[in-house]
Amino acid sequence: MPTNRWIRGVENLCIVGIHPPNPMTNSTSHKHRRSIRLPGFDYARCGAYFVTICTAHRQNLLGTVMDGAMVLNETGEVAASCWTAIPSHFPVASVDAWVVMPNHVHGILLIETDGEVEHTAIPNGTTRTVGSIVRGFKIGVTNWFRKQSIGDAIWQRNYWERIVRDDTELDRIRTYVAHNPRNWPRDDLNASTRSLIS
């Protein structure tokens, strides 16, 4: 059984892992969940990474698409603010093209050094990896979400990523991100699209 598949989009940009079992139905499933990360790859290494972070149960919690443009609600505005604040929390990282969609966030993260920057206000651990950056982003939005008493879970467990191989691929991903709101009616992550296809 394959562990990943391609999302159809602008020239098949984003690799997507098979969803892990629901931990609520099997309490030990998270211990044996297969990683969708590239084995042996150093995710603190300089480079560009295309990430997709989905909301819990792919609920439209971040806004709506109207006339091919994304209209953020308050939660979506907070997600956008937290995404653009990534470099202030992770000095080795910068953000390139990104978009907040109704039920997911697409973004390109650039790791600009191989861990040479001092982190003074960040706890010890794997603070220079793509995973730690995504975790920090999720925590920021989740903390706001919980303070508003909207709910507890805003994000699905884990995230999807693709290591960007070259400038040509980077340009294709930037185009995909820019056109994502316009392509929402055909997006695989759009729940109403999935229900029409199923």
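How each quantity is defined
Residues numbered from 1 in each chain as written. Predicted model: local features only at pLDDT ≥ 70, side-chain atom pairs only at ≥ 80, totals over all residues. Heavy atoms only, no water. Helix = DSSP H or I, 4+ residues; strand = E, 2+ residues; numbered from the N terminus. Buried < 20%, exposed > 50% of the residue type's maximum accessible area, 1.4 Å probe, protein only. Contact = heavy atoms within 4.5 Å. Areas by Shrake-Rupley, 256 points an atom, 1.4 Å probe, with all protein chains shown as cover. Pairing = 2+ DSSP bridges. Axes fitted to C-alpha atoms, helices over the stretch in contact; angles between N-to-C directions. Left-handed = near helix turned anticlockwise from the far one by under 90°. pLDDT = per-residue confidence, 0-100.

## Describing the overall build of the protein chain
Counting its regular elements, the protein chain contains five helices and eight strands. Counting all 198 residues of the protein chain, 44% fall into the buried class. Look at the contacts in the protein chain between residues 6 or more apart in sequence, and 66% of them connect residues 24 or more apart. When the accessible surface of the protein chain is summed, it comes to about 10900 Å², and 52% of that surface belongs to carbon and sulfur atoms.

## Quick word on the environment of Leu170
Looking at the secondary structure, you find Leu170 in helix H4 (residues 167–179). Residue class for Leu170 comes out buried when judged on its relative accessible area of 10%. In this structure, the C-alpha to C-alpha distance between Leu170 and Ala48, residues 122 residues apart in sequence, is 7.9 Å. Dropping the residues within four chain positions of it, Leu170 is found in contact with Ala48, Ile108 and Val164.

## Observations concerning the sheet that holds strand S3 (residues 47–54)
Read across the sheet, four strands follow the order S6-S7-S3-S8 without closing on themselves; strand pairing throughout is antiparallel. Bordering the open sheet on either side are strand S6 (93–100) and strand S8 (160–163), each of which pairs with just one other strand. Neighbouring strand axes in the sheet, compared pairwise and without regard to direction, differ in orientation by 20 degrees on average. In this sheet, strand S7 (residues 104–111) lies alongside S6 in antiparallel orientation, the contact comprising six bridges. Across the sheet, the residue bridging to Ala93 is Ile111, located in S7.

## Comments concerning the packing of helix H1 (residues 74–84) against helix H3 (residues 130–147)
Where H1 meets H3, the axes come as close as 9 Å, and the angle between the chain directions of the two elements is 145 degrees. For the pair H1 and H3, the crossing hand works out as right-handed. Seen from H1, the contacting residues are Glu74, Thr75, Val78, Ala79, Cys82 and Trp83; seen from H3, they are Phe137, Gly140, Val141, Trp144 and Phe145.

## Points about the confidence of the model for the protein chain
In the predicted model, the protein chain carries a mean pLDDT of 76, and the fraction of residues at 70 or more is 68%. With pLDDT under 50 throughout, residues 1–30 is counted as low confidence; its partners more than four residues away or in other chains account for 48 contacts.

## Points about the pairing of S6
When you tally the buried positions in S6, you get six out of eight residues, the bulk of the element. Connecting the antiparallel pair S6 and S7 is a turn made up of three residues.

## Comments concerning the pairing of S3
S3 sits mainly inside the fold: seven of its eight residues count as buried. Pairing analysis gives eight bridges linking S3 to S7, with the strands arranged antiparallel. Among the inter-strand pairings, Phe50 is bridged to a residue of S7, identified as Ile108. Of the strand pairs in this sheet, S3 and S8 are connected by four bridges, and their pairing is antiparallel. Residue pairing across strands places Val51 opposite Glu161, the latter belonging to S8.

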